[in-house]
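This is what each chain is made of:
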Amino acid sequence: MLNNEKNTENKSLNAIRVLNNVNVKFNDPLPDVHTARIPIASCGWVDTADGVVLIDTLIRRHAAKQVKERIKSKIKYIIYTHGHMDHVGGASAFLDDKPEIISSKYLPDRFDKYKMLAQYRAHINAVQFNVPETLESIKYVYPTKTFLGEMTIKLGDKSFELHTTRAETDDACWIYVPEINVAFIGDLMIGRHFPNIGNPWKPTRFALDWAKVLEEVRAKEPQYVFCNGGGVMFKEERAIEALSHNIEVIRSLHDQVVDLINQGIHITEMIHKVKVPQHLIDSPYLRQLYTRVEFFVFNVYRWYHGYFDDNPAHLLPRPEKEVMNEIYDLIGDPQKILNRVKELFNQNQSQLALQVLDVLIQIEPENIEARKLHIKLLRALAAQDNCLMSKNAWVYYINKDTKFLKSEKNGGK
Ligand SMILES: [Zn+2]
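Residues numbered from 1 in each chain as written. Predicted model: local features only at pLDDT ≥ 70, side-chain atom pairs only at ≥ 80, totals over all residues. Heavy atoms only, no water.

(A) Up close: a nonpolar patch on the surface. On the surface, Met 116, Leu 117 and Tyr 120 cluster together into a nonpolar patch covering about 320 Å² of accessible area. Along the chain, Met 116 falls in helix 4 (residues 107-116). Residue classification places Met 116 among the exposed residues on the basis of a relative accessible area of 65%. (Patch = residues over 30% accessible without salt bridge, like charges linked within 9 Å, V, L, I, M, F, W, Y side chains within 5 Å. Areas by Shrake-Rupley, 256 points an atom, 1.4 Å probe, with all protein chains shown as cover. Salt bridge = Lys/Arg side-chain N within 4 Å of Asp/Glu carboxyl O. Helix = DSSP H or I, 4+ residues; strand = E, 2+ residues; numbered from the N terminus. Buried < 20%, exposed > 50% of the residue type's maximum accessible area, 1.4 Å probe, protein only.)

What follows is the structure, given as structure tokens:
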């Protein structure tokens, strides 16, 4: 296991190096449509008789400069599909042509928020992506024009119908080009992955609007659908099938959560009750490798539901540590906790064991045996987990415990 964790850590450091030195992969899927891809970002551009429309900009300037060199005509417009960094981070490489940069009206607020929460974002990126916790120096290129609703740009022989929406973010914008029957939908689908509805570190996403906007995209009957920035393309009946599977799973899970809220089911029970419909479990468009159903459930719950869970003990709670301390004193012997945690672990109940052990960890964070057991439980959870976000989280906290144990061994140095 230790090797696996080291590998994961090395991979994340490598991922950062790769981002700074990456070679961009180019593709020309249609005569007037081109795409560029690096491991975690992509963008696309459309040639017209009067210049280029660029959709998204990759994540870093280094890779974006390779795209700029590849584009021969003048870039007249850049359209941001939304303000996530893997879509806007390379924009500064494209400014020589002085393009109009268009986005949803809400996108500048997102950049402002990122600046305001830089410290917190460095931390959550470290947990979510298993990368070192460093403050990034980012040059945010704000849009030159924003809008809400619908807007059409005519350029040369093509028109670009832009539609803003709330889905993964509140600042999403998707694009339809009728002359070539192409839709660019940003992260409204993340390739062949389960829709990114629900992230434990981020504000709630907009499940119902998301399903509705995918229905609008499908109603256009696009021949080609480009996802992410453009790096993944679905064609003809596969495009419609991918859209339909995403719509169906979002609507089903959303409606299940709404039903359970109305029934007064507690969120900690709800996340175990909501299920992907049987016929979509093996859908090639819904692989749960990045996010997972439980995160989706938390997300929809948080959107519709306040913090209060109908238990008066939780309306104005005392600090968690204070309550744990009372429970700890009642148990009276830390060994009892350790013994029970080991039993649960042996019964393959690592999550429950983790929550029981938490009483001890919170009150005696320097208890070596508790921290060793903590690592064991987190490793068991990580070993059964294919979802990148939760797996990275387990590994992050394993590393934290390991660091602590090492420093204890070295006399606290
Ligand atoms: Zn995104």
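(B) Structural context of unusual backbone geometry. The phi torsion at Lys 98 lies on the positive side, around 50°, for a residue other than glycine. Mapped onto the fold, Lys 98 is located in the loop between helix 3 (85-88) and strand 6 (100-104). One non-glycine residue with positive phi stands out, namely Asn 130, at about 55°. Assignment of secondary structure puts Asn 130 in the loop between helix 5 (118-129) and strand 7 (145-147).

(C) Geometry of helix 6 (residues 207-219). With 13 residues, helix 6 should cover 18 Å at 1.5 Å per step; its first-to-last C-alpha distance of 19 Å lies within 8% of that length. Where helix 6 is buried, its residues contact strand 9 (158-165), strand 10 (172-177), strand 11 (182-184), helix 7 (236-262) and helix 9 (293-304). Directly after helix 6, the chain includes Glu 221, whose backbone phi takes a positive value near 50°. (Expected span 1.5 Å × (residues − 1). Contact = heavy atoms within 4.5 Å.)

(D) View of the side chain of Asp 401. Within the secondary structure layout, Asp 401 lies in helix 14 (residues 388-409). At 2.6 Å, the side chain of Asp 401 forms a polar contact with the side chain of His 374. Among all residues touching Asp 401, those that are not within four sequence positions of it are Arg 371, His 374, Ile 375 and Leu 378. (Polar contact = N/O pair within 3.5 Å; in protein donor to acceptor, adjacent residues only side chain to side chain.)

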